[in-house]
Amino acid sequence: MTAPLFRIRGLSKLFPAPGDSDGEKSVKALWDVNLDIEQGECLLLAGSNGSGKTLLTRCLAGLLSPSSGEILYRGTPLDRVKKLHCEAGLIFQDPDSQIVGETVEEDAAFGPLNAGFSKAEAKERANAALKAFGLDDKRDVPPRRLSGGEKRRLAAAGIFAMGCGTVIMDEPFANLDYPGVLSFLEAIRDMKKEGKTLVILTHELEKVLAFADRLVILHRGTIRDEGKPEAVLDRLDPSWGVRDPRRTYAKAEDCSWLGE
Ligand SMILES: Nc1ncnc2c1ncn2[C@@H]1O[C@H](COP(=O)(O)OP(=O)(O)OP(=O)(O)O)[C@@H](O)[C@H]1O
Ligand SMILES: [Mg+2]
């Protein structure tokens, strides 16, 4: 039997409790998380604010060390995997923290350059991704001058241009207008067809649930449920803070989450 792409075992992340100067108390931001992620699956990770989604995927991308537990990538402990950044790309929740280039084009080319593509190839890949995300007319603009949604599009373009086998997207739809969401969904659909492994953290399940093979619910740092999306939604506990997206509104006057 082949090892899963990622195997998370007993993963915990603790932080010192606020005001605890002698470090005796701690906050369990992640606690005993166990999860296998198979190659080529599209996994949605949902849960309320502060439930640990971003921390978990930062550990998965090798950007954060857990307090205990381990992550295996194709059976090898993550800290022994070289060049994971080329295998697994993470689109950050905060696009500002992902900006590295002086211009939009330079920024989008940074990832593919880092992944080992030649300068010409990196430029070509960057420009194709910028086009897909409607940023081709902003190539020479400094990224800091982009709007919030444009920065998110740029962050996505940079990661998609790397061509990683796994792409982790942290709140990809936040700040995006309707065409921006569609660009993202088209990219997700195409990557899924190519057999890429996708991990999507979102509060906006209604936008992307159709692509999901599995839905995982995180609550207060632990996994509360996981499985086929339909089954998990049927079992949703209101305290998890996740809205069942299987609702439609026929009239404008019904369009409010209050009273659902
Ligand atoms: N460096 C840190 N020090 C202390 N606590 C932290 C630190 N980083 C994260 N936390 C805490 O860990 C918890 C989980 O944070 P995380 O960012 O993973 O939540 P999230 O599920 O991604 O939430 P959101 O939906 O708001 O993005 C939060 O309560 C957060 O305050
Ligand atoms: Mg988060």
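Look above for the structure.
Conventions used here
Residues numbered from 1 in each chain as written. Chains lettered and ligands numbered in written order. Predicted model: local features only at pLDDT ≥ 70, side-chain atom pairs only at ≥ 80, totals over all residues. Heavy atoms only, no water. Near = heavy atom within 4 Å. Polar contact = N/O pair within 3.5 Å; in protein donor to acceptor, adjacent residues only side chain to side chain. Areas by Shrake-Rupley, 256 points an atom, 1.4 Å probe, with all protein chains shown as cover. Helix = DSSP H or I, 4+ residues; strand = E, 2+ residues; numbered from the N terminus. Nonpolar A, V, L, I, M, F, W, Y, C, P; charged D, E, K, R; others polar. Pairing = 2+ DSSP bridges. Disulfide = S-S within 2.5 Å. Buried < 20%, exposed > 50% of the residue type's maximum accessible area, 1.4 Å probe, protein only. Axes fitted to C-alpha atoms, helices over the stretch in contact; angles between N-to-C directions. Donors = N, O, S within 2.8 Å, 3.2 Å for Na, K, Ca; no water. Salt bridge = Lys/Arg side-chain N within 4 Å of Asp/Glu carboxyl O.

Chemist: An account of the site of ligand 1 is needed here, citing residue identities and associated values.
Modeler: F15, A29, S48, N49, G50, S51, G52, K53, T54, L55, Q93 and H203 make up every residue found near ligand 1. In the environment of ligand 1, an oxygen atom lies 2.7 Å from a nitrogen or oxygen atom belonging to the side chain of K53. Here L55 contributes a backbone N or O atom positioned 2.9 Å from an oxygen atom of ligand 1. The fraction of the free accessible surface of ligand 1 (640 Å²) that becomes covered by protein chains is 60%. The leading source of residues in the shell around ligand 1 is helix α1 (residues 53-60), at three residues. Considered class by class, the residues forming the shell around ligand 1 number three nonpolar, eight polar and one charged.

Chemist: Run through the sheet that holds strand β4 (residues 68-73), naming residues and quoting values.
Modeler: Here we have four strands laid out as an open sheet, ordered β2-β1-β4-β5, and antiparallel in their pairing. Whereas interior strands pair on both sides, the edge strands pair on one side only; in this sheet they are β2 (26-37) and β5 (76-77). Pairing analysis gives eight bridges linking strand β1 (residues 6-16) to β2, with the strands arranged antiparallel. Pairing of K13 across the sheet is with L30, part of β2.

Chemist: Can you lay out the state of the cysteines for me, pointing to particular residues and giving the numbers?
Modeler: Evaluated as defined, the whole model comprises zero disulfides. No disulfide involves C59; its nearest neighbouring cysteine sulfur is the one of C164, lying 18 Å away. Judged by relative accessible area, which is 1%, C59 ranks as buried. Free cysteine C164: the closest other cysteine sulfur is in C86, separated by 6.8 Å.

Chemist: For the sheet that holds strand β7 (residues 166-170), give the residues involved together with the corresponding values.
Modeler: Spatially, β6-β7-β8-β3-β9-β10 is the arrangement adopted by the six strands of the open sheet, whose pairing is mixed. One side of each edge strand has no neighbouring strand; the edge strands of this open sheet are β6 (88-91) and β10 (222-227). The average undirected angle you get between the axes of adjacent strands in this sheet is 15°. By the bridge criterion, five bridges tie strand β9 (residues 214-219) to β10 in an arrangement that is antiparallel. When the sheet's bridge partners are listed, V216 is paired in β10 with E226.

Chemist: An account of the coordination of the magnesium ion (ligand 2) is requested, with residue identities and associated values reported.
Modeler: For the magnesium ion (ligand 2), the full set of protein donor atoms is T54 (OG1) and Q93 (OE1), and the range of their distances to it is 2.0 to 2.2 Å. Residue T54 is located in helix α1, and its partner Q93 is located in the loop between β6 and α3 (104-114); the two are separated by 39 residues in the primary sequence. Judged by its relative accessible area of 26%, T54 is partly exposed.

Chemist: Provide a residue-level description of the pattern of salt bridges, including the pertinent values.
Modeler: Throughout the structure, instances matching the rule amount to 21 salt bridges. Here R247 makes a salt bridge to E260, at a shortest N to O gap of 3.5 Å. Pair noted here: R247 is in the segment after α7 (229-234) and E260 is in the segment after α7, with a separation of 13 residues, a long-range link.

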